[in-house]
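Next come the chains, spelled out residue by residue.
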Amino acid sequence: MEDYHKPDQQTLQALKDTANRLRIGSIKATTAAGSGHPTSCCSAAEIMSVLFFHTMRYKVQDPRNANNDRFVLSKGHAAPVLYSAWAEAGFLQEAELLNLRKIDSVLEGHPVPRQAFTDVATGSLGQGLGAACGMAYTGKFFDRASYRVYCLLGDGELSEGSVWEAMAFAGFYKLDNLVAIFDVNRLGQSDPAPLQHHVEIYQKRCEAFGWHAIIVDGHSVEELCKAFGQAKHQPTAIIAKTFKGKGISGVEDKESWHGKPLPKNMAEQVIQEIEEKIQNKKKLSPALPEENAPIVNIRNIKMPSPPSYKVGEKWATRKAYGVALAKLGHANDRVIALDGDTKNSTFSELFKKEHPGRYIECYIAEQNMVSIAVGCATRDRTVAFASTFATFFTRAFDQIRMAAISDSNINLCGSHCGVSIGEDGPSQMGLEDLCMFRAIPNSTVFYPSDAVATEKAVEIAANTKGICFIRTSRPENPVIYNNNEDFHIGQAKVILKSKDDQVTVIGAGVTLHEALAAAEQLRKEKIFVRVIDPFTIKPLDKKTILESARATKGRIITVEDHYHEGGIGEAVCAAVVGEPGVTVSRLAVSHVPRSGKSAELLKMFGIDKDAIVQAVKMAVSKSRNAE
């Protein structure tokens, strides 16, 4: 970035005038809506004016251009000031601001990617900076382009730990193309923020995390211009001392005004007062970006070769995931991998070994890892795969939920699922993950049962929109599919089938292999079962399950290494509800487990071969008794 040149007085006045127009736009919009956060907008008016009309470089009519600077409004409740900025720039019609929060308007209460100028949804506070870090990392290390990333945070959200995970990440990777702006307006929703206006404490904290931190008067356009003009070999934090409701007489710096629009009469009076401060109606135009972001194509990514496994050889699906991901990395140089210091357990280390420049170590900060992945995937710049133990994604549930609201295309792999991991005990066992990911809108939940299926899941996920979750296991189990087996989302595999089948057994991962062993034992006793591998738990292959149920007198048994709630059993029940004559018996982990050997735990919770045999016999005898 070139050295700072002080803007002339005419420009400084134009920026002040712009800030006041942004205030007016925010007040008009929220008063028309009858809801919203005008005071949170007004504290950020000068920051937004300087950012959008002096500092940032972008094409107004092409907000998602790959070369544009990026902006993330982490304090998403201040959305009206963002919308006002895009109206001031000329992308939105000013009249559209009056449709804020209406059901037929794109201008929602918080920013969402339905808006062409919004990359990630915000509003669950504390997440914007993590996404901005992902964008900045992509710009610096993958695109090697000159676009910069700006993230505006409120001081209230600085109590969120995820902010400081992102601060640590940016400081460690020296993301010198990233600028965070703290709008320190002192007041939270119900109380003052803990540090109020002690901006020097924020400065020390930022410096401790490896940031260049500058304190400014957040209502001085000149100080802001100078702060934004400083370039360092580290990320920059601009700590702007502001006043909530700045410019609104009787409201400025007063409590109990958070999230309250001004009544119509009051709004008209305040707007008139602010208009009197505006000296010139001339509008500023942003500078155009440098065009040096590479053209990227991430469509139709195919594995360079088919799987190369032998039926019967033993592989853990977690290792097959690492092999598949490394292989996929050769198919497209935009495939990237992230992990949270578990790469030697999830086997993402295999990707790192072959593609070191495309691996991001996020360390033990799973919330931030998901946000980084979301940021990396914005504007279709990368195909991101993030991995950790399945159970640790639960702490990032809000980030995953917001990723779905962001229409993000990220792929998450959770290893070490279920009690089958053995001696590590319940804190390491993913037993809620299927429930969690099934609840995410537009998600696809893969549960591959062997190495071939895992490789196919990785390839399919890379080409699937929305949140993809791949559940992998620790135990080594035999390969059951040929390398040329075809897999599709929502298409189950009937592994074992005969005309004499009496019960349909549905399992996945470890429990599918237990079901196959049970079927072998039952066959010796002339009891035949149909065994189904669902492949995807969401969407579930309802058609195949119902056909099999009808062929086995309506008897279904599900067996899963997961809690009863929200897992395979409940997914199957939802698929067959209302179907006459179909009964589902569910074998699952019934309570908090403990340490032990894998086989011991499967037995203890009644999800092993012997338990399946007993359940099948009970189902058959019940039916015979009924006859």
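So, how was this worked out
- Residue numbers run consecutively from 1 along every chain, following the written order of its sequence.
- At least 70 in pLDDT is required for a residue's local features to be given in this predicted model, at least 80 for side-chain atom pairs to be given and counted, and no such filter applies to totals for whole chains, interfaces and linings, which use all residues.
- In computing side-chain values, all of the structure's heavy atoms are included and hydrogens and water are not.
- In DSSP terms, a helix is any run of H or I states spanning at least four residues, a strand is any run of E spanning at least two, and both are numbered starting from the N terminus.
- We compute the radius of gyration from the C-alpha atoms alone; for a globule the expected value is 2.2 Å times N to the 0.38, where N is the number of residues.
- For every residue, the accessible area (1.4 Å probe, protein chains only) is compared with the maximum for its type, and the residue is labelled buried under 20%, exposed over 50%, or partly exposed between those bounds.
- The contact definition used throughout considers only heavy atoms, calling two residues in contact when any of these lie within 4.5 Å.
- Calculation of accessible area relied on Shrake-Rupley with a 1.4 Å probe; when residues are assessed, cover is drawn exclusively from the protein chains displayed.
- Positive charges come from Lys and Arg, negative ones from Asp and Glu, while His and the chain ends are left out of the count.
- For this purpose, a charge sits on NZ of Lys, CZ of Arg, CG of Asp or CD of Glu.
- UniProt positions are given in the numbering used here, feature names are shortened, and annotations may be inferred rather than shown by experiment.
- Two strands are said to pair when DSSP picks up at least two bridges between them.
- As a rule, the C-alpha atoms of each element are fitted with a line to give its axis, helices using only the stretch in contact, and angles between N-to-C directions run from 0 to 180 degrees.
- In a helix, the anticipated span is given by 1.5 Å times the number of residues less one.

A closer look at the overall build of the chain
Tallying secondary structure elements over the chain gives 21 helices and 19 strands in all. Relative to its length of 627 residues, the chain is compact, with a C-alpha radius of gyration of 28 Å against a globular reference of 25 Å. Seen along its three principal axes, the alpha-carbon backbone of the chain occupies a region of about 90 × 50 × 40 Å. Split into buried and exposed, the 627 residues of the chain put 61% on the buried side. Within the chain, counting contacts between residues at least 6 apart in sequence, those at least 24 apart form 78% of the total. For the chain, the computed accessible surface area is about 24,400 Å², with 49% contributed by carbon and sulfur atoms. The positive charge centre, built from 74 side chains, and the negative charge centre, built from 73, are 3 Å apart in the chain.

Some details on the UniProt feature "domain: Transketolase-like pyrimidine-binding" (unreviewed entry) in the chain
The UniProt record marks residues 315-479 with the feature "domain: Transketolase-like pyrimidine-binding" (unreviewed entry), using the residue numbering of this structure. Note that residues 315-479 is 39% helix and 20% strand, and that its end C-alpha atoms are spaced 7 Å apart.

Description of the sheet that holds strand E18 (residues 555-563)
Pairing is mixed across the open sheet formed by five strands, whose spatial order is E14-E16-E15-E18-E19. Of all strands in the sheet, those bounded by a partner on one side alone are strand E14 (493-496) and strand E19 (583-589). Taking each pair of neighbouring strands and ignoring which way they run, the sheet shows an average axis angle of 25 degrees. In this fold helix H17 (residues 510-524) packs onto E14, strand E15 (503-507), strand E16 (529-533) and E18, with an angle of close to 165 degrees to the strand it touches most, E16. The strands touched by helix H18 (residues 542-551) within the sheet are E14, E15, E16 and E18, with E16 carrying the most contacts at an inclination of about 175 degrees.

Quick look at helix H1 (residues 9-33)
The end-to-end C-alpha distance of H1, which contains 25 residues, comes to 36 Å, matching closely the 36 Å that a straight helix rising 1.5 Å per residue would cover. A positive phi of about 75 degrees marks Gly34, the residue just after H1.

Overview of the sheet that holds strand E8 (residues 359-361)
With mixed pairing, seven strands are arranged side by side in an open sheet as E8-E7-E9-E10-E12-E11-E17. Each edge of the open sheet is held by one strand with a lone partner, namely E8 and strand E17 (536-538). Strand-to-strand twist of the sheet, defined as the mean angle between neighbouring strand axes without regard to direction, takes the value 20 degrees. Both strand E11 (residues 444-446) and strand E12 (residues 468-471) contribute to a ladder of three bridges, which runs parallel. From the neighbouring strand, Thr444 faces E12, where its bridge partner is Cys468.

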